[in-house]
Structures are given as structure tokens and as C-alpha cells.
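# Structural overview for review
Chain by chain, the residues:
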Amino acid sequence: MSRSYKLLLDHLDADIICFQETKIQMKDLTIDMVAVEGYDAFFSLPRQKKGYSGVAVYVRRERCVPVKAEEGVTGRLGMIWDKERMYMDSTNAIGGYPPDSSYTIPPSTLDAEGRAVVLDFNLFVFIGLYCPANSGATDEGREFRRAYLKAVEDRVRCLREEGREVVVVGDLNVCRSALDTAEGAKLGKEEEWVNDFGRLWMTRLVGPPPSLDDNEEVEEAPRLLEDLCRKFNPEREGMFTCWNTRLNSRPNNYGARIDYVLTSPRLAHWSSHADIRPDIMGSDHCPVHADFKHELAPESNEEEQKQRWLLDLVNPQGTFVQNVRVVPPPPPPQLCAKHIGDFKGRQSLKDLFAKRPPSDGSGDASPVAAAESVPSHATLQTAAPLKRAAFNAVSFNGGETKKKTKILKTTKDASPAQKSLRGFFTAKAPAPAPAVRQSDPPMKEDKNTEATVVVTEPPTNLGCVDVCEPSKTLAEGKPSGTITEADYAIIQPETTRSSWSTLFTKPTAPLCTIHNEPCTELTSKKPGPNMGRRFWLCSRPVGPGYDNGVRPKGEVNREWRCNFFKWSSEAGRK
């Protein structure tokens, strides 16, 4: 994202792109994030917490335009442009809303954290999610997570009961089965892990995991959704999408799969491929993508032998005919970021430089109109990139530049006589000349510079002054011309330089006890008395069976990180 959002989105080459955990607020939105040429942007932002959660969905305008859009999964959040009204009460409500009695936590509270964007594409309802993880392991967080996952399930179920097809993408923060985690061999045997609320929730959505499909005792219920990555890779191991960057676990693929593209079973027939992209770096997550066919041939048992074209079905009727656009795209729904606040009416970055007539009676050109002199080849720059590059993409293929404002600061000059850098080298007004003594050295003038610099030769016979007693004069200290070895050490700059170098030299890394290899120094970021303290850990990456301090010694795999730990302050004393 260092150059522009458009370059990033074009490189991903998808028609619907969903980002999670953007960690921005409304005030952080910039024109280059909102008015990306060729895309419509939809944001769900936290209403209260700062730098927390957030979802963004970009839709390629030439391929598809949603007919309706909502922020939040419940439909009961106050609309951005009319907070007194909920999305479910508007004339453009998508539908599929569970009753109020199904919520254990107020729906507006569930949606206030900016965790969902819901878009209606005629053929299906798209839900981009960032589900809570309760990483703090608090009772309040656990109850919120359960309530949110249930709200998602209830909304999907209601939409399916109304006959709608559904696509759910995003970071669900749930590892579906033992096949989806590097510690599956161990965790799959633990009843508490298997019966976790999140995994049972996933089973209700997409059915039992692949490892249980052959178990005759499991009665498979009708699936609400289908896991596309498992549809095309049913037994693939190591298909992980998230890694712990603090443990440096990505190089060894010691992670878990918690990012998904889920679709209703009928819509899954349109899919042609789904996979992960671990080669794309820049986040603790990797992208997940799914491709859909352009057209779907009629099945042999269908009464109507009709060819179905995907773009004809996902766009408003009459916009496409046999996947060919016949009319321009319609305007996006009101939730589109181009309709919000200062961005209203701007369709792309080019609008920033468009010449506009001055307001009546002002006689002065507006700042936008004055920008017509900006060259057309101006480089696009991003001002506040999304905090997280992991995304989920759906493909149907088988702005304004950063303002540079100068802030002028007026400060009191340290010296009224110095008005520029040249004044630093210019001699000041001469002071009354003192009486010249015979022992004073001659003065020389350096003529190599434009400014006048006076250089004075040092005295040749200078005695050493006692630094411990500054008031003691040279004559009172030692006989003239006498310099002892100790005096020489005090005035010698090499000694001082060496002392400071030793003080700031990085300490030697200790060796871990198992591998006898240099350790890695890290900083504690956990809130508490040790926050900010530095410590040493084994430098090897984590892997299956690594020594985490809890695992029995007989099950530890010595190939990976050992349990060495030492505070940097303790290592420095050694």
C-alpha cells in the first residue's frame, strides 16, 4: 500500500475484496481510501473504541454493484446518515432479521464494534465479518463472543429460510477442526477443545469437519453453508491462514486456519476454485480467495434448459446481458463511503483536481479550483493505509492525493543577530581589543571560506589544570610544563570515547541451554509491572511439539524453540 490503494486492489484482481481489523475510525478515512478509481468502498467502523476492529469491502464497479448495503450483522444499528433510524427500518432493508428475543446482548452493542458489512447482490447476500476472539480470556469477552457468533448464525439462518443465497467471508477467529491447526494431533484428543463453543458453532454452519465425515455415529444435519477451501482441498494439511508473529511461527508454518469463504450449497455449484495465498506477506494473516464460473450450464434434470450468466444475476436486471454490460453501472447504495461527509460526490481522485467555478460573490477561486495547475502525472500517495493486509477475495473471473500542508511555526530567535545559516559563520561585531601580551600567539585568518572565520593557534606550553578543583589555577596546581601519566589520561579523548563505546555496546546474547545457540532479545508488551522490560528467548522458531513450558518433557520436540528465558538485566550482571 506504499504507492496507492488502486495498485493494491488491481494487483489482487478480485471483484469483491474484504479487509478485516482495519483499526481506523471515521476521522481516519482519507480521500485515497474512499474514492479509489473503479471501486466502491463500504466500511464498518467502531463507534466507540479507538484503533479497534473494523471491516472494509471494496467492490469493482465495472463488474458488480450492490443494490443494498448495511453496517452490522443485526440490522439494528443506527444508520450513519440517520442515527435515529435502524437499517432494518429503512425502505432498502435487506431482510432476514431475527426477532429481538434471540439476542442476549443488545444488538446495537454487538454491532457497535464495527465487525460486519452486509451487501445485497441480488443473487446472494454478502456478509464480510471480523468475529471477536476474546484474546483477553475474560468472562465478559467470552459472553460477547458467544452472543456475536449466535447473531451471525441466526442472521444466516433467517436469510436462508427466506430463500436467499448467502456468502460469508472473513476472519471468523474459529479453528474448525484438528486438521486446521498445527497442534491438531494433540488438541484433537482434548474434549474441551473439540467441544469449544466456536467449533460447535462452525459445525452447525458448515457441518462436521472432514475428519469426522466417516464416523457413522455422527448424524449430519443440512448445512447452512459450505466451506469452499475444504470443498476443493478436503484432506490438505498445513492449510493455515494465521500465524503468531511474536513467536516467529510463520517460517515453519506453525499456525491455524481461521479465515474462510463460506457459501450456501446451491451457490457453491458456481465456484470453480478456492485456496489460500501464503505467499502474500505483510500481515499475520494470509489472503483466502474463491473463484466463480462466468456461466452455469443447465443440469440434465432441470425442466428449463436455460444458460445462466453470473454477472446477469448479481447486478440489477438489464445491466448485463450474457455477461456483457449494456448500460452504465447504477449509483451505489447510500452506505458507500463516497456518500459520507466530505467525500460526498467524489467518484475518484481526479475529482480533487477538477476545476470548479468560484462561489457567488466571493471572487476568489476555491482551493479545489486552484489545484487545476497541478500536473496530471501527480503521484498518488496513501496517507493512512489499512492496518491489516489480510483479506478475503471473491472473483467472478473463473480519491484524492495526500495533501501536503506546510504549518508555519513562529519561534523566538535564539540570537537576534543571526537571521540565516550564513550568519553563523560571520564574525560578530568586534569587542574592545584587550592588551596584547608577548606570549599570545599570532592570529591567522582562514581565507578558504566565504564567511570570515578566525582560527587561533593553541599555546605550545600549556600545563594541565586539575579538573577536580576548577578554581585552582595553573600556577597553583603544578609546576609549569609538568604533565603526569594520570593527567594525560584525563585529557586524552580516546579514553573517554572508549568508555562511552563500552557503555552503549549491545550486550552479548546468552546461549540457550538446549541448543547452545545465541538467543533473541525481545521486549515485554504485556500490561503489568514487567511491561517494557527486555528479555532473551531461544532464537529458533516454534513448531509442533516445541517446549512451551507446559508440555511434558517426553513430548517435546528439540528441533524447535526450547524453554530458555532470561531477563536482559540478569544477563547483563553476569
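Refer to the structure above for everything that follows.
Conventions we followed
Residues numbered from 1 in each chain as written. Predicted model: local features only at pLDDT ≥ 70, side-chain atom pairs only at ≥ 80, totals over all residues. Heavy atoms only, no water. Helix = DSSP H or I, 4+ residues; strand = E, 2+ residues; numbered from the N terminus. Buried < 20%, exposed > 50% of the residue type's maximum accessible area, 1.4 Å probe, protein only. Areas by Shrake-Rupley, 256 points an atom, 1.4 Å probe, with all protein chains shown as cover. Salt bridge = Lys/Arg side-chain N within 4 Å of Asp/Glu carboxyl O. Axes fitted to C-alpha atoms, helices over the stretch in contact; angles between N-to-C directions. Parallel < 35°, antiparallel > 145°, perpendicular 65-115°, else oblique. Contact = heavy atoms within 4.5 Å. Nonpolar A, V, L, I, M, F, W, Y, C, P; charged D, E, K, R; others polar. Polar contact = N/O pair within 3.5 Å; in protein donor to acceptor, adjacent residues only side chain to side chain. Core = buried A, V, L, I, M, F, W, Y, C linked by side-chain atoms within 4.5 Å. Arc of directions from axis to C-beta. Pairing = 2+ DSSP bridges.

### Observations concerning the overall build of the protein
Across its full length, the protein carries 16 helices and 23 strands. A total of 574 residues make up the protein; the buried ones form 42% of that total. In the structure as shown, the protein presents an accessible area of about 33,300 Å², 53% of it carried by carbon and sulfur atoms.

### Brief notes about the pattern of salt bridges
This structure, assessed with the given rule, holds 30 salt bridges. With its nearest N and O atoms 3.4 Å apart, the salt bridge here joins D15 to R63. Of this pair, D15 sits in the loop between α1 (5–12) and β1 (16–20) while R63 sits in the loop between β3 (55–60) and β4 (68–71); the two residues are 48 residues apart in sequence, bridging distant segments of the chain. Each of the two residues, D15 as well as R63, counts as buried. With its nearest N and O atoms 3.2 Å apart, the salt bridge here joins E521 to R534. Within this pair, whereas E521 is found in strand β21 (residues 520–523), its partner R534 is found in strand β22 (residues 534–537), the two being separated by 13 residues in sequence. Under the relative-accessibility criterion, E521 is labelled buried at 17%. Bridged by salt links that share partners, the residues R176, D180, D227, R230 and R257 form one connected network.

### Observations concerning the packing of helix α4 (residues 139–161) against helix α7 (residues 197–206)
α7 packs onto α4 with a crossing angle of 0° between their chain directions and a minimal axis gap of 11 Å. Relative to α7, the element α4 is oriented roughly parallel. The residues of α7 that touch α4, namely those facing R145, R146, L149, K150, V152 and E153, are F197, G198, W201, R204 and L205. When its residues are assigned to classes, the contact of α4 with α7 shows five nonpolar, one polar and five charged.

### Remarks on the side chain of D259
Tracing the sequence through the fold places D259 in strand β11 (residues 259–263). Engagement of the side chain of D259 in a polar contact is seen with the side chain of T241, the distance being 2.6 Å. In terms of polar contacts, D259 uses its side chain to reach the side chain of H285, at 2.9 Å.

### Focus: the nonpolar core
Core analysis: the largest hydrophobic core is formed by 48 residues, its most contacted members being V57, L119, F121, F124 and F126. Those residues in contact with L119 that lie beyond four places of it in its chain are F42, V57, V59, P66, K68, A69, I94, F124, V125 and F126. Listed in part, the 33 residues of the second largest apolar core include V73, L172, V206 and L262.

### Overview of α7
Of the residues making up α7, those classed as buried are G198, R199, W201, M202, L205 and V206. For α7, the buried positions fall inside an angular range of 155° around the axis, keeping them on one side. Those residues of α7 that are buried lie in contact with α4, α6 (191–194), β8 (226–227) and β11. For α7, the capping residue at the N-terminal end is D196, with a side-chain oxygen 2.9 Å from the backbone nitrogen of G198. Once α7 ends, the next one or two residues include G207, with phi positive near 90°.

### Observations concerning the sheet that holds β22
Across the sheet, three strands lie side by side as β21-β22-β23; this open sheet has antiparallel pairing. The two strands at the open ends of the sheet, each matched to only one other strand, are β21 and β23 (565–567). Looking at each pair of strands side by side, their axes are set apart by 30° on average, direction ignored. In this sheet, β22 lies alongside β21 in antiparallel orientation, the contact comprising four bridges. Its bridge partner lying in β22, T523 is registered against R534.

### What about the sheet that holds strand β5 (residues 116–120)?
Strand order in the open sheet formed by six strands is β4-β5-β6-β7-β11-β8, with mixed pairing between adjacent strands. Edge positions in the sheet fall to β4 and β8, since each of these pairs with one other strand and no more.

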